[in-house]
Amino acid sequence: MQREVVSSPALLVWCLLMVLASLLRAVFVYSPQHFTVDHDAETRLWKFRLGVIVAGAVWGSSGFLLFPADHPQHLMFLIFVLAGMTVGGVASFSADLISAVAFSVLISLPVTLRLFAAGDNMSVAMGMAVLLYLGFMIVTLRRINRNVVENIFLRLEAAAREEKLREGNQRYRLLLSHLPVGIFHFDTDLVITYCNDRFADMLRSSTDRVIGLDMKQLKQQAILPGLRKALQGEMGYYEGHYFATHSVADAWIYMSCAPFPNGDGTIVGGIAIVQDVSEHKAAEEQINNLAFYDPLTELPNRRLLLDRLHHALAASARSGKEGALLFIDLDNFKSLNDTLGHDMGDSLLRQVGQRLLACVHEDDTVARLGGDEFVVMLEDLGGHDLEAAAQTEAVGERILATLGQPYQLDAHEYRCTPSIGATLFQGHRLEKEELLKQADIAMYQAKKAGRNTVRFFDQQMQDAVTARVVLESELRKALEKQQFRLYYQIQVDRTRRPLGAEALIRWMHPQRGLILPEHFIKVAEETDLILSIGQWVLDAACAQIKAWQPEARTRNLALAVNVSAKQFRQRNFVEQVQAAVQRHGISPVLLKLELTESMLLDNIEEMIKTMRALKNIGVQFSLDDFGTGYSSLQYLKRLPLDQIKIDRSFVADITSDSSDGEIVGTIIAMAQNLYLDVIAEGVETEEQRQFLLGNGCAHFQGNLFGKPLPLEQFEALLKQE
Ligand code: C2E
Ligand code: MG
Ligand code: MG
């Protein structure tokens with residue numbers, strides 16, 4: 001453009017300067033860092049500034065070299081270009097104030113000076129305008145420079161921060177995945193949102209499979225309460241066995257979880273830390289085992305026995321039930337050790353331990369004190385000494401029988417018997433050690449008594465138990481030796497006319513004479529002998545009914561038979577009764593079964609079913625000892641009864657105790673409402689009879705009319721009537 005108004009040499013020189021300046025800047029910019037000796041920022045900045053200054057100077061020189069003095073149009077063009085370059089320079093170099101100021105001053109100052117030098121008004125005015133423009137430019141530049149510098153610093157800072165954050169995050173993840181504990185995060189829906197590798201390992205799964213798992217669906221829900229606690233803002237814990245749902249993993253874990261709040265404090269999930277403490281637990285268990293168990297037999301040792309005894313005493317004090325200690329010592333164990341060696345001795349002790357366990361309930365304790373001494377602790381026996389003693393005796397006998405069986409010791413068949421000492425405990429009457437000593441002393445008594453036997457510490461107890469054992473064995477023989485008899489107690493109506501009798505069993509003992517049922521029915525019930533005794537009574541009663549048929553006087557007498565709960569609950573009881581009735585060919589209405597209220601206590605539905613079946617055969621029912629049990633009216637209504645028998649304890653005081661009188665009155669009224677007969681038993685006086693009569697009772701039984709009598713005497717009594 002300037003070719004026409006500026007001399008060619010000037011233009012050429014300017015162009016050459018421009019090319020040189022550009023080359024210099026290019027060298028500065030592109031010179032590779034590692035080729036330059038100094039590459040610190042300061043030097044580079046100064047190099048940059050030098051480049052800018054040179055470029056500014058070359059551009060500025062155009063104001064001198066390319067100044068078209070007499071061509072206003074071209075002059076405008078030049079000023080315009082230089083102003084544009086100034087703006088461009090200011091914008092580009094605004095980050096470095098020195099570069100930008102130097103560049104704009106170097107560009108604009110020469111042309112201004114040249115304009116002032118021209119001297120004419122127009123030029124001076126233009127020079128002033130350019131100066132003004134430069135001034136504004138520099139003022140603006142300061143602000144732009146501040147902004148740009150600030151901006152750059154902010155960006156650098158942000159980048160540095162981000163880098164640090166990324167590093168921190170990476171370190172955190174690395175830490176989490178290498179931690180020896182399992183960690184997982186979960187959201188408020190109990191879905192796992194993150195877990196580390198260790199946690200996935202613990203579950204024998206992979207993090208991909210664990211993340212996203214909905215813990216509400218887990219088979220084992222035991223950990224959920226702890227997690228939910230964290231969601232409620234508290235710390236949650238779980239310790240125990242954990243079985244995984246989606247794998248075979250199972251471990252003893254300790255888990256603690258904390259709530260996870262977001263920025264404004266709302267809980268958006270939780271963090272759980274899980275430790276696998278299986279090994280720790282196993283070690284603990286092993287230590288525990290060593291401290292509390294006998295390593296040879298794996299039975300509790302003395303220490304654990306005493307601990308359990310302590311608890312048993314407390315439990316017994318609470319429940320009122322008795323317990324027992326059986327001290328067991330093997331007879332002649334030392335000689336086995338001496339002849340067959342210790343290995344065989346150990347083997348025998350292990351087998352004895354196993355057999356003892358088989359003799360007792362799961363909750364009872366079998367312990368080995370050492371050597372050939374074992375202790376069995378029984379709990380929850382009866383509430384009475386005799387009952388508990390009988391149960392203990394039974395276990396003792398079982399142990400004698402079980403341990404007396406031959407043992408296989410390698411090729412040898414070995415026989416060995418124990419001696420057993422027993423003592424009972426109830427509450428904290430005696431110290432633990434004292435009890436153990438009592439059982440030990442009793443064991444020595446058993447040894448003295450000839451071994452292979454059970455002895456009680458308490459002599460009275462021993463006597464009672466011995467008597468019971470004798471009774472039991474005699475009772476077993478009584479049936480086959482035909483020592484039982486039936487006695488008959490008359491039952492009469494209002495006018496004392498005989499209606500029938502209650503059959504009551506008696507035992508004619510060869511030495512002790514007549515024994516009343518109260519002395520043997522309980523033992524018979526406990527040993528199941530009652531089943532065969534009951535069967536005998538039923539059969540004898542049916543036979544008697546049959547025998548009474550030919551005579552008019554006895555033909556219509558009904559015979560009441562007492563039935564025990566155990567007997568009644570036999571599965572084939574209905575068939576038994578039916579068979580007896582058929583065998584003797586009697587009318588079933590003459591047979592009356594006396595049941596007691598205590599039978600109602602368990603399984604009332606089953607009882608009603610049996611009663612209905614018997615009712616179908618045609619037999620009658622009387623509810624014995626009424627008033628002493630727990631009959632509720634509800635049940636009473638549903639039982640197919642014919643008669644209620646007022647217990648003799650009420651009848652006894654009927655005239656002296658007004659409340660007994662009222663009770664009897666109420667029972668009679670209630671029975672009438674239910675269309676049931678009422679019979680009063682134990683009527684001994686005329687006064688009692690009158691009272692009962694007055695209250696509407698129509699049937700009577702008691703010594704007033706006749707005691708229970710053997711058959712001949714009963715028949716004689718009938719003839720008197
Ligand atoms: P229970 O069924 O309540 O029998 C009535 C008891 O009252 C009989 O006692 C009888 O002798 C007695 N007794 C009758 N009248 C009077 C009286 O006026 N005054 C007094 N103080 N007592 C009187 P026993 O014969 O000793 O029988 C006692 C219990 O033994 C019976 O009570 C019954 O539960 C049971 N029992 C008797 N025989 C058998 C039987 O063959 N089988 C079964 N399972 N239990 C029987
Ligand atoms: Mg009875
Ligand atoms: Mg009774």
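Residues numbered from 1 in each chain as written. Chains lettered and ligands numbered in written order. Predicted model: local features only at pLDDT ≥ 70, side-chain atom pairs only at ≥ 80, totals over all residues. Heavy atoms only, no water.

Can you walk me through the coordination of the magnesium ion (ligand 3) in this structure?
Around a metal, the perfect tetrahedron of four donors has angles of 109.5 degrees, and the perfect octahedron of six donors has angles of 90 or 180 degrees. Donor atoms from the polypeptide that coordinate the magnesium ion (ligand 3) comprise D624 (OD), D625 (OD), E681 (OE) and E681 (OE), at 2.0 to 2.7 Å from the metal. Separating the magnesium ion (ligand 3) and the magnesium ion (ligand 2) is a distance of 4.2 Å, and D624 donates to both of them. (Donors = N, O, S within 2.8 Å, 3.2 Å for Na, K, Ca; no water.)

I tried to follow the packing of helix α17 (residues 529-548) against helix α20 (residues 573-584) on my own but got confused; where do I start?
Axis separation between α17 and α20 bottoms out at 9 Å; the angle between their running directions is 30°. One finds that α17 runs roughly parallel with respect to α20. Along this stretch, α17 crosses α20, giving a crossing that reads as right-handed. Of α20, the residues touching α17 (which contributes Q535, L538, D539, C542, A543 and K546) are Q576, V577, A580, V581, R583 and H584. The residue inventory of the contact of α17 with α20, partitioned by class, reads six nonpolar, three polar and three charged. (Axes fitted to C-alpha atoms, helices over the stretch in contact; angles between N-to-C directions. Helix = DSSP H or I, 4+ residues; strand = E, 2+ residues; numbered from the N terminus. Parallel < 35°, antiparallel > 145°, perpendicular 65-115°, else oblique. Left-handed = near helix turned anticlockwise from the far one by under 90°. Contact = heavy atoms within 4.5 Å. Nonpolar A, V, L, I, M, F, W, Y, C, P; charged D, E, K, R; others polar.)

Hey, could you run me through unusual backbone geometry in this one?
Leaving glycine out, the prevailing phi sign among residues is negative, and the prevailing peptide bond configuration is trans. In this model, N332 sits at a positive phi of 60°, which is unusual for a non-glycine residue. Along the chain, N332 turns up in the loop between β6 (323-330) and α11 (333-340). Look at N332 and you get partly exposed, because its relative accessible area is 46%. Positioned with a positive phi, Q482 is a non-glycine residue whose angle comes to about 50°. Along the chain, the position of Q482 falls in the loop between α15 (459-480) and β13 (484-492). (Buried < 20%, exposed > 50% of the residue type's maximum accessible area, 1.4 Å probe, protein only.)

Looking at this structure, I do not really get the coordination of the magnesium ion (ligand 2). What am I missing?
Protein-derived ligands of the magnesium ion (ligand 2) are E502 (OE), N562 (OD1), E594 (OE) and D624 (OD), with the metal-ligand distances lying across 2.0 to 2.3 Å. Note on E594: relative accessible area 1%, which makes it buried.

Whenever I open this one, the packing of α20 against helix α21 (residues 604-617) confuses me. Can you help?
Between two packed helices, the angle of one axis relative to the other and the distance separating the axes together describe the packing. Relative orientation of the contacting elements α20 and α21 amounts to 15°, with a least axis distance of 10 Å. Classified by the angle their axes make, α20 and α21 are roughly parallel. Between α20 and α21 lies a crossing whose hand is right-handed. Contact residues: F573, V574, V577 and Q578 in α20; T610, A613, L614 and I617 in α21. The residue makeup of the contact of α20 with α21, split by class, is six nonpolar, two polar and no charged.

I would appreciate a short explanation of the sheet that holds strand β8 (residues 373-378) in the present structure.
Two pairing modes exist for strands in a sheet, parallel and antiparallel, and in both the strands are linked by backbone hydrogen bonds. Ordered in space as β7-β8-β6-β11-β12, the five strands form an open sheet in which the pairing is mixed. Each of the sheet's edge strands pairs with one partner strand only, and the pair in question is β7 (365-370) and β12 (454-456). Put simply, the sheet's adjacent strands are angled 25° from each other on average, direction ignored. Its contacts with the sheet place helix α10 (residues 302-319) against β6, β7, β8 and β11 (418-425), and it is angled at close to 140° to β7. In the packing of α15 onto the sheet, contacts are made with β11 and β12, and the angle to β12 comes to roughly 135°. (Pairing = 2+ DSSP bridges.)

Would you take a moment to explain the domain arrangement of the protein for this structure?
A common way to report how large an interface is uses the accessible area buried once the components associate. Taken domain by domain, the protein consists of domain 1 (2-155), domain 2 (180-282), domain 3 (296-473) and domain 4 (482-720). Here the C-alpha centre of domain 4 lies 68 Å away from the C-alpha centre of domain 2. (Domains from an automatic or database assignment.)

Explanation requested: the pairing of strand β1 (residues 182-187) in the structure shown.
Walk down a regular strand and you will see the side chains alternate between the two sheet faces. Across the six residues of β1, five count as buried, placing the element largely inside the fold. Here β1 pairs with strand β5 (residues 267-276) via six bridges, running antiparallel. Along β5, the bridge assignment pairs I183 with I273. Both β1 and strand β2 (residues 192-195) contribute to a ladder of three bridges, which runs antiparallel.

Looking at this structure, how should I read the site of ligand 1?
Taken together, the neighbourhood of ligand 1 is formed by 21 residues, with Q489, R506, D624, R648 and E684 sitting nearest. Between ligand 1 and Q489 there is a distance of 2.8 Å, counted from a nitrogen atom to a side-chain nitrogen or oxygen. When ligand 1 is considered free in solution it has 800 Å² of accessible area, and contact with the protein chains removes 82% of it. Of the pockets mapped on this structure, ligand 1 occupies the largest pocket. Counting only elements with at least two residues in the shell around ligand 1, the list comes to β14 (498-509) and β18 (620-626). Looking at the shell around ligand 1, its residues break down into seven nonpolar, six polar and eight charged. (Near = heavy atom within 4 Å. Polar contact = N/O pair within 3.5 Å; in protein donor to acceptor, adjacent residues only side chain to side chain. Areas by Shrake-Rupley, 256 points an atom, 1.4 Å probe, with all protein chains shown as cover. 1 Å grid on protein atoms, 1.4 Å probe; cavity = no way out; pocket = protein on both sides within 12 Å on 5 of 7 lines; lining within 4 Å. Sits in = over half its atoms within 2 Å of the grid points.)

I keep staring at the side chain of T392 and nothing clicks. Help me out?
The residue T392 is located in helix α13 (residues 385-403) in this model. Separated by 2.7 Å, the side chain of T392 and the backbone oxygen of A388 make a polar contact. Dropping the residues within four chain positions of it, T392 is found in contact with A324, L326, L378, L381, A422, L424 and F456.

Would you mind showing me how to read the pairing of β13 here?
Taking burial as the measure, the nine residues of β13 include eight buried ones, the bulk of the element. Two strands pair when backbone bridges link them, and β13 and β14 are joined in this way by nine bridges, in the antiparallel orientation. Note on β14: the bridge partner recorded for L486 is I505. Where β13 meets strand β21 (residues 699-701), two bridges bridge the pair, whose relative direction is antiparallel. Directly across from V492, in β21, lies its bridge partner F700.

Help me understand the sheet that holds β2 in this model?
Reading across from one edge, β2-β1-β5-β4-β3 is the order of the five strands in this open sheet, with antiparallel pairing throughout. Bordering the open sheet on either side are β2 and β3 (236-243), each of which pairs with just one other strand. Averaged over all neighbouring strand pairs, the angle between strand axes comes to 25°, with direction disregarded. Bridge analysis of β3 against strand β4 (residues 250-261) gives eight bridges, and the strand direction is antiparallel. Counted as the bridge partner of E239 is Y254 from β4.

For this particular structure, what's the right way to read a nonpolar patch on the surface?
The grouping of V13, L17, F64, L65, L109, L113 and L131 at the surface amounts to a nonpolar patch, some 570 Å² of accessible area in total. Only α1 (8-30), α2 (41-65) and α4 (97-118) provide two or more residues apiece to the nonpolar patch. Within the secondary structure, L131 sits in helix α5 (residues 121-178). (Patch = residues over 30% accessible without salt bridge, like charges linked within 9 Å, V, L, I, M, F, W, Y side chains within 5 Å. Salt bridge = Lys/Arg side-chain N within 4 Å of Asp/Glu carboxyl O.)

Honestly, helix α12 (residues 342-359) in this entry has me stumped. Any pointers?
Three or four residues apart is the spacing at which side chains of an α-helix point the same way, because the helix has 3.6 residues per turn. In this model α12 runs 26 Å from its N-terminal to its C-terminal C-alpha over 18 residues, within 8% of the 26 Å that 1.5 Å per residue would give. Along α12, the residues classified as buried are M344, G345, S347, L348, L349, V352, G353, R355, L356 and C359. (Expected span 1.5 Å × (residues − 1).)

It is not clear to me how the nonpolar core should be interpreted in this structure. Could you clarify?
Soluble globular proteins tend to pack their nonpolar side chains together in the buried interior. One finds L591 and L692 to be the most contacted residues of the largest nonpolar core, which totals 76 residues. Of all hydrophobic cores here, the second largest spans 37 residues; its members include L326, L356, L378 and Y407. (Core = buried A, V, L, I, M, F, W, Y, C linked by side-chain atoms within 4.5 Å.)

Help me understand the pattern of salt bridges, please; the structure alone is not making it clear to me.
Should their charged atoms come close, side chains of opposite charge can pair. Under the counting rule described, the total for this entry stands at 24 salt bridges. Note that K645 and E594 form a salt bridge whose closest N and O atoms lie 2.5 Å from each other. Of this pair, K645 sits in strand β19 (residues 643-646) while E594 sits in strand β17 (residues 591-596); the two residues are 51 residues apart in sequence, bridging distant segments of the chain. Taken together, the shared-partner salt bridges connect R468, E472, R476, K522 and E526 into one network.

Any chance you could explain the layout of surface pockets here in plain terms?
Empty pockets left among the atoms are what a rolling probe the size of a water molecule brings to light. Counted as a void, the largest pocket has a volume near 1,200 Å³. Taken together, 38 residues make up the lining of the largest pocket; nearest its centre are L504, P517, N562, D624 and R648. Residue assignment for the lining of the largest pocket shows that the elements contributing at least two residues are β13, β14, α16 (521-526), α17, α19 (565-568), β17 and β18. Here the element with the most residues in the lining of the largest pocket is β14; it accounts for five residues. Taken together, the residues of the lining of the largest pocket sort by class into 14 nonpolar, 11 polar and 13 charged. Approximately 510 Å³ is the volume found for the second largest pocket. Looking at the lining of the second largest pocket, the elements with two or more residues in it are α13 and α15. Element by element, the count of residues in the lining of the second largest pocket is highest for α13, at eight residues. (Points joined across faces, edges and corners; volume = space filled by probe spheres on them.)

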